[in-house]
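# Close look at the chain arrangement
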Amino acid sequence: MHEVNVKGILSAQNGMNLYRGCSHGCIYCDSRSKCYQMKHEFEDIEIKANAIELLEQALRRKRTKCMIGTGSMTDPYLPIENKIGNVRKALELIERYGFGVTLQTKSDRILRDVDLLKAIHKKTKCVVQMTLTTYDEDLCAKLEPNVCTTRKRFDVLKRMQEEGIPTVVWLSPILPFINDTEENIKGILDYCGQAGVSGVICFGMGMTLREGSREYFYRQLDRLFPGLKERYIQTYGMQYELESPNSRRLMAMFVRMCKDRGMMYRNEQIFQYLHTFEEKCRNIQLSLFDDFGTV
């Protein structure tokens, strides 16, 4: 690991990444792509040393409350978070200043912060986003080797349900010839239904590959699935989008199962939900005035 000072922490869309790089080892990770211009080894986690100071300054300046997001490029709950604690410090600031939050992760380390997530959701809105790719535990351990498997992530979703914290699942990526099966999609969506997930984000049944991530992915295929790299190259060449041959059938099943379980499945609807700030204390006050009328 190494530390850097950065000029800013919140993006124009109020997203933040407190760390850069990742140690999860997911074989398909797009964040390895050269287009992101990472100047250090991917597993050498970069700590933004002044992130918490910058976040507090940014929250103080904001005139309008909003949802703060984290986890789009780097999972916030890396093992290093146990030592550094920047995610918890950020959540404390978000709760103190009355903002909402949505976190995207694959790690059950998020359970450490349930108390803060509940406190934020009591005031405004907290949504936990969990990535699920593979129902089969053994396969999950191959594809995502250094993070908890799908069953433990399901347990996180159930715990959030018990605590009254809404959840959204990312069903992504679906790797052609590996986890693009009806059994896999059905297993994941059954988990989502049991956990009362609000919505499931899916960009289609397939994956993306570009320079940097492609080379890493193919090295892992050679190691884990000998001969499969050649099938990928023969089928897709250098394409960016790799659609599963089973895509149409799997997407029809995905939509049907989401409808049956009352889960949102249109991405634009889910993203609107994730970005919509709700101030519950204020809403309660307004409803009281509505009940009693004005003088």
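Our subject is the structure that appears above.
Residues numbered from 1 in each chain as written. Predicted model: local features only at pLDDT ≥ 70, side-chain atom pairs only at ≥ 80, totals over all residues. Heavy atoms only, no water.

The subject of this paragraph is the nonpolar core. Counting 62 residues, the largest nonpolar core has Tyr19, Leu91, Leu117, Leu171, Val200 and Phe254 as its most contacted members. Here Leu117 is in contact with Leu91, Leu103, Ile110, Cys126, Val128, Met160 and Ile165, once residues within four sequence places are set aside. Grouped together as the second largest cluster of nonpolar side chains are 18 residues, Cys26, Ile27, Phe225 and Leu242 included. (Core = buried A, V, L, I, M, F, W, Y, C linked by side-chain atoms within 4.5 Å. Buried < 20%, exposed > 50% of the residue type's maximum accessible area, 1.4 Å probe, protein only. Contact = heavy atoms within 4.5 Å.)

Secondary-structure assignment places Thr133 in the loop between strand 7 (126–132) and helix 5 (137–143). C-alpha separation for the pair Thr133 and Leu143, spaced 10 residues apart in sequence, amounts to 8.9 Å. The contacts of Thr133, once residues within four sequence positions are left out, are Tyr28, Glu144, Ser172, Pro173, Ile174, Asn179, Asn184 and Ile188. Within the structure, the side chain of Thr133 is placed 3.1 Å from the side chain of Thr134, a separation counted as a polar contact. For Thr133, the side chain forms a polar contact with the side chain of Glu144, separated by 2.8 Å. (Helix = DSSP H or I, 4+ residues; strand = E, 2+ residues; numbered from the N terminus. Polar contact = N/O pair within 3.5 Å; in protein donor to acceptor, adjacent residues only side chain to side chain.)

Next up on the list: the pairing of strand 6 (residues 100–105). For strand 6, the tally of buried residues reaches six of six residues, placing the bulk of the element in the interior. Strand direction decides the pairing type here: strand 5 (residues 67–70) and strand 6, joined by four bridges, are parallel. Paired with Thr70 across the strands is Leu103, a residue of strand 6. Bridge count for strand 6 against strand 7 is five bridges, and the pairing is parallel. What sits directly across from Gln104, in strand 7, is Gln129. Regarding topology, helix 4 (residues 114–123) serves as the crossover connection from strand 6 to the parallel strand 7, and that connection is right-handed. (Pairing = 2+ DSSP bridges. Right-handed = clockwise from strand over helix to strand, strands pointing away.)

This part is about the state of the cysteines. Should the sulfur atoms of two cysteines be covalently bonded, the bond is a disulfide. The final tally for this structure, using the stated rule, is zero disulfides. With no disulfide of its own, Cys126 has Cys66 as its nearest cysteine by sulfur position, at a separation of 14 Å. Relative accessible area serves as the criterion here: at 0%, Cys126 is assigned to the buried category. Free cysteine: Cys202, not disulfide-bonded; nearest cysteine sulfur from Cys258 at 8.2 Å. (Disulfide = S-S within 2.5 Å.)

This part is about the pattern of salt bridges. Inspection of the entire model under this criterion finds 20 salt bridges. Note that Asp190 is salt-bridged to Lys186, the shortest N-O span being 2.8 Å. On the criterion of helical spacing, the pair formed by Asp190 and Lys186 is a turn pair, its members being four residues apart in helix 7 (residues 182–194). Put simply, Glu81, Arg88, Glu92, Arg112, Asp113 and Asp115 are held in one network by salt bridges that share partners. (Salt bridge = Lys/Arg side-chain N within 4 Å of Asp/Glu carboxyl O.)

Before going further, it helps to examine the pairing of strand 8 (residues 167–171). Note on strand geometry: in a regular strand, side chains alternate between the two faces of the sheet. Burial of strand 8 is extensive: five of the five residues sit out of reach of the surface. What you see with strand 8 is no split at all: Thr167, Val169 and Leu171 on one side and Val168 and Trp170 on the other are buried throughout. When strand 7 meets strand 8, the two strands line up parallel, connected through five bridges. Across the sheet, Gln129 pairs through a bridge with Val168, a residue of strand 8. Note that strand 8 and strand 9 (residues 199–201) share three bridges and pair parallel. Within the sheet, the bridge partner assigned to Val169 lies in strand 9 and is Val200. Each parallel crossover has a hand, and the one from strand 8 via helix 7 to strand 9 is right-handed.

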